[in-house]
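# Examination of the molecular architecture
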Amino acid sequence: MTKHANNIAQPPRRRQSWWALVWRQFRRNRLALAGLGLMLVLFFVALAAPFLAGERPIYVRMEGRAYWFPNLKTYPELRYFDFANWHPAQGEYILRTPVPHAPERSNLRDRLAPPSRMHLLGTDDRGRDVLSRMIWGTRISMSVGFVAVGIALVIGIVLGSVAGFYGGLPDLIIQRIVEVVMCFPTFVLILSLIAFLPPSIYNIMVVIGLVAWTDSARLLRGEFLRLRESDFAIAARASGLTDRRIMFRHLLPNGVSPVLVSATFGVASAILTESALSFLGFGVPPPTPSWGELLSQSQRYVDRAWWLVMFPGLAIFLTVTAFNLVGEGLRDAMDPRLRQ
Amino acid sequence: MKTRTLVGIGLIVGLSSWLLWGCGESGSAPKPAEPLPVASQFGQEPVNPEPVDEGTPVDGDWCIMRLPDEPPHLNPVTSSDAYAREITDLVFDTLIYRSHVNFEFEPRLAESWEISPDHLTYTFHMRKDATFSDGVPVTAQDVKFTYDKIKDPMTDAAHIRNYFIDVVSCEVPDDYTVKFTCDKPYFQHLSVLGEFEIMPRHIYGKGEFNKHPNNRMPIGSGRYVFERWDTGSQMTLARNENYWGEKPHLKKMVYKIITDNNAALQVLERQELDVMVVTPEIWINRASKPDFQAKFNLRSYYTPRFGFIMWNERRPQFADKRVRKAMTLLLDRPLILETIFHGLGREAIGMFFDESENNMALKPLPFDPEQAKQLLDEAGWTDSDNDGIRDKDGVPFRFELLTVTGSSEMDQFATVYQEELKRAGIDMQIRPLEWATFSERLDSRNFDAAPLAWSNPGVIDADPYQIWHSSQAEKGSNFVGFSNPEVDKIIEQARLEFDRAKRIQMYNRFQEIVYDEQPYTLMYNFQALVAVDKRFRNLRVYKRGLVPREWWVPLELQKYHWPGKSSE
Amino acid sequence: MKAYLIRRLMLIVPTFLGISLITFLVVQLAPGSPVYMKLRQAEGGMAAGAESAQIIEQTKKLYGLDKPIHIRYVIWLGKLARLDFGDSYKDQRPVITKIKETLPVTLQIEVIVIFLIYLISIPLGVYSATHQYSLGDRVTTLILFILYSLPSFWVAMLLMLFFGGGRFLSWFPVNGLNSFGAENLAWGPWLLDRLWHLVLPVICLTYGGLAGLSRYARAGMMEVIRQDYIRTARAYGFSEKTVIWKYALRNSLIPIVTLLATLLPALIAGSFIIESIFSIPGMGRLGFEAILSRDYPLIMGILSISAFLTLLGLLLSDILYAVVDPRIKLR
């Protein structure tokens, strides 16, 4: 009996081939592809950070013992070992990370050093290697971006679908809530909330998520309102499926595309927000590396340490551009009117 | 309240313009009278040459100064803002004044004064020709009015009121005599009673004092008259042409409100600012350049202020003095001074602000991580579970250092310290807070460790009571909870000691004890680094710093002119 | 139409209540009491304990902090109705006065910025739409993208560095609204001086909005161009220029008008940082400093006013939309 009902209520099968269509269209957009490529690079850097920058080597063999991945595991006997100044003797071997500097290792005598062979992107005002901090900062930016948007998506999807599906009073209430939240200048609201909380990356993620859900809610509501009256939805309702099932198994997959676009832009915006917060001093607590924090430092040395001004700023800019390009590309690819 | 105030200020180096007290100068004009310092040796030693023969002072011109922050209001009694102080000092007058030249008390609104032999009664005889800027004479009634306001619990003046706790009454036998009676002797009473700003009763007596409209347009009897306040932008003072005493030479003092340091530097370089206190970075990198020095004279001097990190003794980590000593040994103060602060300071010793009062036998502790680790082991903090963090009785050695946002130097040395501590097995977390929350945490004793600075604009005759007496541990400035019976006794007795030399002797012993206990990790005395437009003369540096109201500008170099008006 | 207006206005009420509730809650949950700000130098005399406690109580009363939270909210709502946000903790001046002083400055700048954004975006959007996929379109899109992705605080720093004096060019001032002594200038030069001071901040606030708006202009234009009546207009023999600028543009502007509402809050948010960097005494800087110093009444006042302004903007654009587009049936 149930199986039968499922069959009847099956949504149109355009899902799979539709995404392929979108991808084909997306591929034609060179800029969007570039953005996607950059996005993947950033992902990789964020994930592989311990293997890209740090003082602990990837593998070391010394005094007869071999250690695997000291950069990931903590070996108690190696805890305070100074790898930076150690050189392998006969029969010993060390495989360092490409950027052999830890992001928190300060060296006051080497403050504000311009880019050199030792420090490819120079050092900051505490002698910390900028490249290493930027690599680890990618982790912060990526995680804040995705987690914050994840939270926003969850809230937005739930509220949007409820509003669109049920209409009536829930819709009215949710619309008012959306309007209320949208009335606040986003960054101002975020700043006010963050200022009152202890600095931690989790607080930042949650606060951004709590403020950024309105776009996806509105979009999804629109989609649900539209889809509610479509054939398959009526059929699903007629066959007695639960509301929740209809909403999330049948309507949602069809209505999710504009939300995805908005989410991509949302990630860009979240990364920008995190940088702005760190720039103003409300971001991640020290010594956590963040691009915004580097930029904030650079204010004091604007005419002396151009590398502190340029590289973090470029990183933020390129990252945001990448996500925006992908979002644009997605939007164009999904738009049937633009299909060639 | 200037002289005796021990003001706690966050360790915001070089950004406090309230250090500007003076004037002094050096020659200038076509050829520099002094050789330009070479860039390499630039900066470390204080730069305050004696003013050479500069000619006769003339009146005229204005001085444009900078305030990094806009004071909320300008009521000298209710204000606790350091920047407001700069302005109220010029607009209001006090009964007497501790000379910035030789620290002797000089008559101001009071021509003479007597102190009873038991030091409980202070009588001031006021001059009869002093008037407020609106022409109304200054009388003893105004003094009593101000005193009453200070003592009034409804006045928003908790911070000042504490100094008057032992002052019992203020009598006015006649219009020009004021008599204060105290119930306990205290060597600072003369300063407390003689140096609060006198406010006009006929103005501030009407209306609500705390929110008085004249808090935005203060009226006093001082050398300058408050002319206008362009909110968010600047404040203008004009010379009081009816001043009873010696008028300053500069016709106007303008204070521009520029929060951002970079922006302020730009404005200075455009010569739309005449004076600026610069950061060590700017001093070393910009002020050392010849083109900068062609436009500005540089002055640097040690200020009566020292910075430190304080350890809350109530916390289990910091209860043992061996641990506190270890914390000091783990901070590489010489290196930080040399690199982050560019050597523009010296390691602080002792608890006082003037060398004459400090116990010079005590030397700063060295940077010695090995000895520190030993002390920590001795005190029972070892890494028993081998997780990299020391622990004792199951409690890991983890703590939170509160810092104030806005100071890059503080941010810098905090992370450096954090690293060093990690290597010694101590986990320090850094928590930046805004000044408001920071002070609240200190006041509620809700902190593990925090950097701070004490300063005394009066320079000499400091009283360690507020900071070190055990009675102040819960409600006063003794944030760390320091409590030592011998120190308590010394402080109490010293308060009654009117012979300065004897007092200093007693304080020497006090400093020995404190040195042994290490409730603070002392850091530095900083230099104030000031750039002044070259046209100003008499840029003399006193112990308190520069005194702008003593400056003057030669006629041919004057830049700003009083629009229209009289011959001046 | 009238019914729509009234309904719309009525709907503002619950929204505004929601706004006031959020602001109130947010600020109440904050740590850092202004009482301690005042007492931070409470050094004691000999008998400090009792006196200081008494003083704290008095100060609390002074600031009205001794009542429970729900009563405080109701009181605040009542005051809100009268636009009485209380007095700023910092200097005891009424919040509304401080906002009144600074809001015009911010609005001045916003108006200029909005004007510039529309001025630049619309032609750009039209050009992009009419020359779709051409090199010009692609280049424009790319440049706009770049602009949209530039962090505003970075741009501000760079502008200050390169154009604001110091090492490089010194074309523009970086501080305040007018030069020192400008109040003595005649009307004309004063205005020029003011505009000169506004160049850099306006650039910082404008460039970001260009991308968004021009893209909407482009999309709207593209949609309109495909319409039948445009083909008809072309068939009538009107020049392409007339077709685009006289007929197509008007119709494509409709959605753009509604964007006015979303621009405003974005600009207010941006002004927080930009005004602080350039020391402009506007509401943005006031708000930022209020947040820094936990000035609750001021924070609530500014948050409420910004939200209210946005609401107004939303209403305005809804009305404009209804007025401009005869096709809209207003239920």
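Preceding block: the structure.
We now turn to the structure provided with this report. Everything numeric in this text was worked out from a predicted model, so none of it was measured.

## Considering helix α16 (residues 500-517) of chain B
All names here are of chain B. The end-to-end C-alpha distance of α16, which contains 18 residues, comes to 25 Å, matching closely the 26 Å that a straight helix rising 1.5 Å per residue would cover. Looking only at α16, the buried set comprises R503, Y507, F510, Q511, V514 and Y515. One face of α16 carries all of its buried residues, which in axial projection span an arc of 140 degrees. In α16, those exposed residues whose orientation departs by more than 90 degrees from the buried face are A501, K502 and D516. Looking at the buried side of α16, the elements it contacts are α15 (485-495).

## Observations regarding the sheet that holds strand β2 (residues 62-67) of chain B
All names here are of chain B. In spatial order, the strands read β2-β11-β10-β9; together these four strands make up an open sheet with mixed pairing. Unpaired on one side and paired on the other, β2 and β9 (224-230) mark the two borders of the sheet. Averaged over all pairs of adjacent strands, the angle between their axes in this sheet comes to 20 degrees, without regard to strand direction. Note: β9 against strand β10 (residues 234-239), six bridges, orientation antiparallel. Note on β10: the bridge partner recorded for D230 is Q234. Those strands touched by helix α1 (residues 82-91) are β2, β9, β10 and β11 (252-257), and its axis lies near 20 degrees from that of β10.

## Concerning the environment of A:R133
Mapped onto the elements, A:R133 comes out in helix α4 (residues 130-166). Contact partners of A:R133, with chain neighbours within four places excluded, come to A:P103, A:D124, A:R128, A:P289 and A:L294.

## Re the interface of chain A and chain B
With 21 residues of chain A in contact, the opposing surface of chain B contributes 22 residues. Residues belonging to the side of chain A that touches chain B are distributed by class as follows: nine nonpolar, four polar and eight charged.

## Brief notes about unusual backbone geometry
Most of the time, phi is negative for any residue but glycine, and the peptide bond is trans. Residue A:P287 is reached from A:P286 by a cis peptide bond, and omega for that bond is 0 degrees. Mapped onto the elements of the fold, A:P287 is located in the loop between α10 (243-280) and α11 (291-298). Located in the positive-phi region is A:F69, a residue other than glycine, with phi close to 50 degrees. In this fold, A:F69 is placed in the loop between β2 (65-68) and β3 (93-95). Residue A:F69 is classed as partly exposed on the basis of its 14 C-beta neighbours within 10 Å. Unusually for a residue other than glycine, B:R445 sits at a positive phi of about 60 degrees. Relative to the helices and strands, B:R445 is located in the loop between α13 (435-443) and β19 (449-455). On the basis of neighbour count, B:R445 is assigned to the partly exposed category, with 16 C-beta atoms found within 10 Å.

Thresholds, definitions, all that
- Residues numbered from 1 in each chain as written.
- Chains lettered and ligands numbered in written order.
- Predicted model: local features only at pLDDT ≥ 70, side-chain atom pairs only at ≥ 80, totals over all residues.
- Helix = DSSP H or I, 4+ residues; strand = E, 2+ residues; numbered from the N terminus.
- Expected span 1.5 Å × (residues − 1).
- Buried ≥ 20, exposed ≤ 12 C-beta atoms within 10 Å, placed from the backbone.
- Arc of directions from axis to C-beta.
- Contact = placed C-beta atoms within 7 Å.
- Pairing = 2+ DSSP bridges.
- Axes fitted to C-alpha atoms, helices over the stretch in contact; angles between N-to-C directions.
- Nonpolar A, V, L, I, M, F, W, Y, C, P; charged D, E, K, R; others polar.

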